[in-house]
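# Overview (structure and organization)
One letter stands for each residue in the lines below.
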There are 2 protein chains.
Amino acid sequence: MTEVTLKEVARASGCSVATVSRVLGGTRPVGPEIALRVKEAAERLGYRPNQVARALRSRSTGTIGLVLPQITNPFFPSLVREVEHALHAEGRALLLADCNDDPTTEAARITALLDRQVDALLVIPVDEKHSRDAVATAAARVPMVLLDRGCGTGVADLVATDNASGMALVLEHLAATGRRRVCFVGASGCDTAAVERLAAYEAGAASLDPEAPGRVELGDFSLEWGRAAVDRILPFRPDAVVCANDLIAVGALQRLRQLGVDVPGEIAVTGFDDIPMAGLADPALTTVRQPVRELAAEAAQLLGSRLAGQTDGPRRSVRLAPELVVRASSAPRAPSAQDAGSTPTPEEDQ
Amino acid sequence: MTEVTLKEVARASGCSVATVSRVLGGTRPVGPEIALRVKEAAERLGYRPNQVARALRSRSTGTIGLVLPQITNPFFPSLVREVEHALHAEGRALLLADCNDDPTTEAARITALLDRQVDALLVIPVDEKHSRDAVATAAARVPMVLLDRGCGTGVADLVATDNASGMALVLEHLAATGRRRVCFVGASGCDTAAVERLAAYEAGAASLDPEAPGRVELGDFSLEWGRAAVDRILPFRPDAVVCANDLIAVGALQRLRQLGVDVPGEIAVTGFDDIPMAGLADPALTTVRQPVRELAAEAAQLLGSRLAGQTDGPRRSVRLAPELVVRASSAPRAPSAQDAGSTPTPEEDQ
DNA sequence: ATTTTTCTGGAGAACGATTTCCCAGGCGTT
DNA sequence: AACGCCTGGGAAATCGTTCTCCAGAAAAAT
């Protein structure tokens, strides 16, 4: 019933532990008949190498830590899933830490994982500024890849979606479908997703309609904020509401429906992320799909190359292009001319 | 830059590694002045005990493995979150494994975690039958607690929601609000959640209306099935649709809305789990809230007691009572008498 | 035939902590 | 004063691997 160790396999096959280790690990050539005896004995006894002992000796646990703000954020589960699969495919395991959107616990989780001798860290930082210290000191000790969100510059490698081009896709789409008075509902948070999407919106919106830049409202990445923001932007009579993520957008949709506003007839609504809920909203939400699988694969590969010795190259920053998913919430307006009172756009009822 | 070890602390404080270990671990009393020297040196050097070495010696990694079917199933993230917090609160870490709803990869993940010397396993089994072998053999090696779903009897400890009483709450509620022709949309899967909820429905529905047992349709735990199932039960003109989980229910709501059926006016819809999406559906979904935090806490505590030596007691099975969350989707019908044709219930318009 | 290289296998030292065993004093008892 | 007990501390074994030496034999080169 007790654990089968190398020593027992050695005894059973009549040779030394060194030889057994060599046979099983393929480290050095071993005579064919002894190799066979060893393999048989190991098989027969059901030997499984003790990863802890192996880790102690080889100074590598084969474990990767993943620290994220909140697993309950609906964008993360699919990301976690892909990361887990990518890591398991190379024989590594995933230590998961949820830090409740709090930089302090984030720091605590990071040191806890370092104490456990993780080979590397994947971190989705909570806050661009407040996460920085913990991330930087940790990055000095193990390879670290930031995922989905950045954390200052030059602190660690980064794999993230190209928020700017995603937002540009949204604005082009809205422009192409005749929307002119666009508002933005974003988050005032200090994570890079919030910052970059806002910046990209402002850049794009300015070029879209220079003299009448859209109204910008900032709250947090929540459904409740989406609902509340609608009441604050409605007086500006927008014909499109660009939201910084899908949760906000779904909240906005709910409130608009409650107020009897026609979406997409009067107002188009767009999100960002393409969480599962987006396709199920009513109307289905036009959004920007993050390349989740590719993000995970890229992060895993980058991590792998850092672990394989490329530990001192320059910091890499990989941006993956997202994809626009057009759904009902931004469908072109039927020529109902219902909103002729506010901003008459003569070319729309040709 | 290199790792600070016990030996270095010993040298810096002028005593042996044994003494340092005793001071820091509090294993045995040590003279006050030496203890102080040691603590100062450890602090000054920034000593952090190497958990791998500690694990090898003490035969305990402080790591718990969690194996679940699919992290993307919207019920699981909150459960994972609570489990993670409960474990971290006692200084343990969580190794996460997602097995893609496949019993074969589930078995592979379990052995991978065992090879990593996890102290115990938390498993949400994919399938009551096909998961059994892997779970049973693993349970023979480490403490194991099944979470949310069972896996045969007597295989391992179990902490789960009392599905039967949850379903009973739903049926009582529907009966109390005057629903008579109830249909059930469930899952034909072999996990205990599906089985128990179906069984409880059949028991409760029979006692509710003995001569006209409701129609039962079985598919899987998905939104798509919820949509499809609506078309199959509508010919039976139900006034309530009980769904085995929230995903099915939300799918059903969508299809019913598409067909122009009034919910809850004509038909009430209920779900199970209370995933975040439930409160956001339109109409908001009446459902059964699983006590997620309590499930996690109970599982962690049970695991703790097993790890503390209670390894040979009888298998425990803990069932936690869920809570009915009444929302709009099952509101009592306004006395509009719109459905007078199907099942006239004279007492409802008093 | 002798020297050098290669090749195979074993003995044993790490890895970094915990823990057992042992020893040197200090104190109390007879 | 002698003996035993208790206390505080160090030396060393241990956990299960990996890996570096080292020794002997066989093969190759001189």
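The structure displayed is predicted, hence computed values, not measured ones.

## Side note on the overall build of chain A
- Along its length, chain A carries 12 helices and 12 strands.
- Relative to its length of 350 residues, chain A is extended, with a C-alpha radius of gyration of 27 Å against a globular reference of 20 Å.
- Along the first, second and third principal axes, the C-alpha atoms of chain A reach 95 × 35 × 35 Å.
- Counting all 350 residues of chain A, 52% fall into the buried class.
- For chain A, the exposed surface amounts to about 15300 Å²; the carbon and sulfur share of it is 52%.
- Within chain A, one finds 37 positive and 45 negative side-chain charges whose respective centroids are separated by 10 Å.

## Remarks on the environment of A:Ser222
Residue and element names in this part refer to chain A.
- Mapped onto the fold, Ser222 is located in the loop between β7 (216-219) and α10 (223-233).
- The exposure class assigned to Ser222 is buried, which follows from its relative accessible area of 16%.
- Ser222 sits 36 residues away from Gly186 along the chain, and the two C-alpha atoms are 9.8 Å apart.
- Excluding its chain neighbours within four sequence positions, the residues that come into contact with Ser222 are Leu247 and Ile248.
- In this structure the side chain of Ser222 is engaged in a polar contact, spanning 2.7 Å, whose partner is the side chain of Asp220.

## A look at the interface of chain A and chain B
- The interface of chain A with chain B comprises 47 residues on the first partner and 47 residues on the second.
- Carbon and sulfur atoms make up 57% of the area that chain A and chain B hide from each other, which totals about 4100 Å².
- For A:Asp282, the salt bridge goes to B:Arg257, with nearest N and O atoms at 3.1 Å.
- Where chain A meets chain B, there are 26 residue pairs in polar contact (both at pLDDT 80 or more).
- Mapped onto the side of chain A that touches chain B, the elements with two or more residues apiece are α4 (51-58), α5 (76-89), β2 (93-98), α6 (103-115), α10 and α11 (246-258) of chain A.
- Considering each element in turn, the side of chain A that touches chain B owes the most residues, seven residues, to α5(A).

## Overview of the protein's contact with DNA strand C
- Near DNA strand C there are 27 residues, and of these A:Thr19, A:Arg28, A:Gly31, B:Leu6 and B:Arg57 occur at the shortest range.
- Between DNA strand C and the protein, one listed contact pairs a phosphate oxygen with a backbone N or O atom of A:Gly31 at 2.5 Å.
- Contact between DNA strand C and B:Arg57: a base oxygen at 2.4 Å from a side-chain N or O atom of the residue.
- When grouped by side-chain class, the residues that make up the surface near DNA strand C number 12 nonpolar, six polar and nine charged.

## As for the relation of the copies chain A and chain B
- Under the fitted operation, chain A is carried onto chain B by 0.1 Å of movement along the axis and a turn of 180 degrees, and the coordinates agree to an RMSD of 0.2 Å. Here the symmetry operator amounts to a two-fold rotation axis. Judged by C-alpha distance, A:Leu95 is the residue of chain A that lies nearest the rotation axis, at 2.2 Å.
- Of the residues that chain A buries at the interface, 100% are likewise interface residues in chain B, meaning the two copies contact each other through the same surface.

## Considering the protein's contact with DNA strand D
- Looking at DNA strand D, there are 26 residues lining it, with A:Leu6, A:Arg57, B:Thr19, B:Arg28 and B:Gly31 nearest.
- Protein-proximal atoms of DNA strand D, defined as those within 4 Å of the protein, fall in sugar or phosphate at a share of 60%.
- The contact in question runs from a phosphate oxygen of DNA strand D to an N or O atom on the backbone of A:Leu6, over 2.6 Å.
- At 2.3 Å from a base oxygen of DNA strand D is found a side-chain nitrogen or oxygen belonging to A:Arg57.
- Classifying every residue of the surface near DNA strand D gives 11 nonpolar, six polar and nine charged.

## Considering the packing of helix α2 (residues 17-25) of chain A against helix α3 (residues 32-45) of chain A
Residues and elements named next belong to chain A.
- Packing of α2 against α3 brings their axes to within 10 Å, and their N-to-C directions diverge by 85 degrees. The orientation of α2 relative to α3 falls into the category roughly perpendicular. Within the contact between the two elements, α2 uses Thr19, Val20, Val23 and Leu24 and α3 uses Ile34, Ala35, Val38, Lys39 and Ala42.
- In terms of residue class, the contact of α2 with α3 is built from seven nonpolar, one polar and one charged.

## Things to note about the pairing of β2(A)
- Of all six residues that make up β2(A), six are buried, and the element is covered over most of its length.
- Judged by which residues are buried, β2(A) turns out to be covered on both faces: A:Ala93, A:Leu95 and A:Ala97 on one side and A:Leu94, A:Leu96 and A:Asp98 on the other are all buried.
- Here strand β1 (residues 63-68) of chain A pairs with β2(A) via six bridges, running parallel. Pairing of A:Leu68 across the sheet is with A:Asp98, part of β2(A).
- Remark: the β1(A)/α5(A)/β2(A) crossover connection has right-handed handedness.
- Bridge analysis of β2(A) against strand β2 (residues 93-98) of chain B gives three bridges, and the strand direction is antiparallel. Its bridge partner lying in β2(B), A:Leu95 is registered against B:Leu95.

## Some thoughts on helix α5 (residues 76-89) of chain B
All names here are of chain B.
- An ideal rise of 1.5 Å per residue puts 20 Å on 14 residues; α5 measures up with 20 Å between its terminal C-alpha atoms.
- When you tally the buried positions in α5, you get 12 out of 14 residues, the bulk of the element.
- Taken as a whole, α5 has its buried residues at Phe76, Pro77, Leu79, Val80, Arg81, Glu82, Val83, Glu84, His85, Ala86, Leu87 and His88.
- One or two residues past the end of α5 sits Gly91, with phi positive at roughly 80 degrees.

Rules behind the numbers
- Residues numbered from 1 in each chain as written.
- Chains lettered and ligands numbered in written order.
- Predicted model: local features only at pLDDT ≥ 70, side-chain atom pairs only at ≥ 80, totals over all residues.
- Heavy atoms only, no water.
- Helix = DSSP H or I, 4+ residues; strand = E, 2+ residues; numbered from the N terminus.
- Rg over C-alpha atoms; globule rule 2.2 N^0.38 Å.
- Buried < 20%, exposed > 50% of the residue type's maximum accessible area, 1.4 Å probe, protein only.
- Areas by Shrake-Rupley, 256 points an atom, 1.4 Å probe, with all protein chains shown as cover.
- Lys, Arg positive; Asp, Glu negative; His and termini not counted.
- Charge placed at Lys NZ, Arg CZ, Asp CG, Glu CD.
- Contact = heavy atoms within 4.5 Å.
- Polar contact = N/O pair within 3.5 Å; in protein donor to acceptor, adjacent residues only side chain to side chain.
- Buried area = accessible area lost by both parts, 1.4 Å probe.
- Salt bridge = Lys/Arg side-chain N within 4 Å of Asp/Glu carboxyl O.
- Near = heavy atom within 4 Å.
- Nonpolar A, V, L, I, M, F, W, Y, C, P; charged D, E, K, R; others polar.
- Least-squares fit on C-alpha atoms with pLDDT ≥ 70 in both.
- Axes fitted to C-alpha atoms, helices over the stretch in contact; angles between N-to-C directions.
- Parallel < 35°, antiparallel > 145°, perpendicular 65-115°, else oblique.
- Pairing = 2+ DSSP bridges.
- Right-handed = clockwise from strand over helix to strand, strands pointing away.
- Expected span 1.5 Å × (residues − 1).

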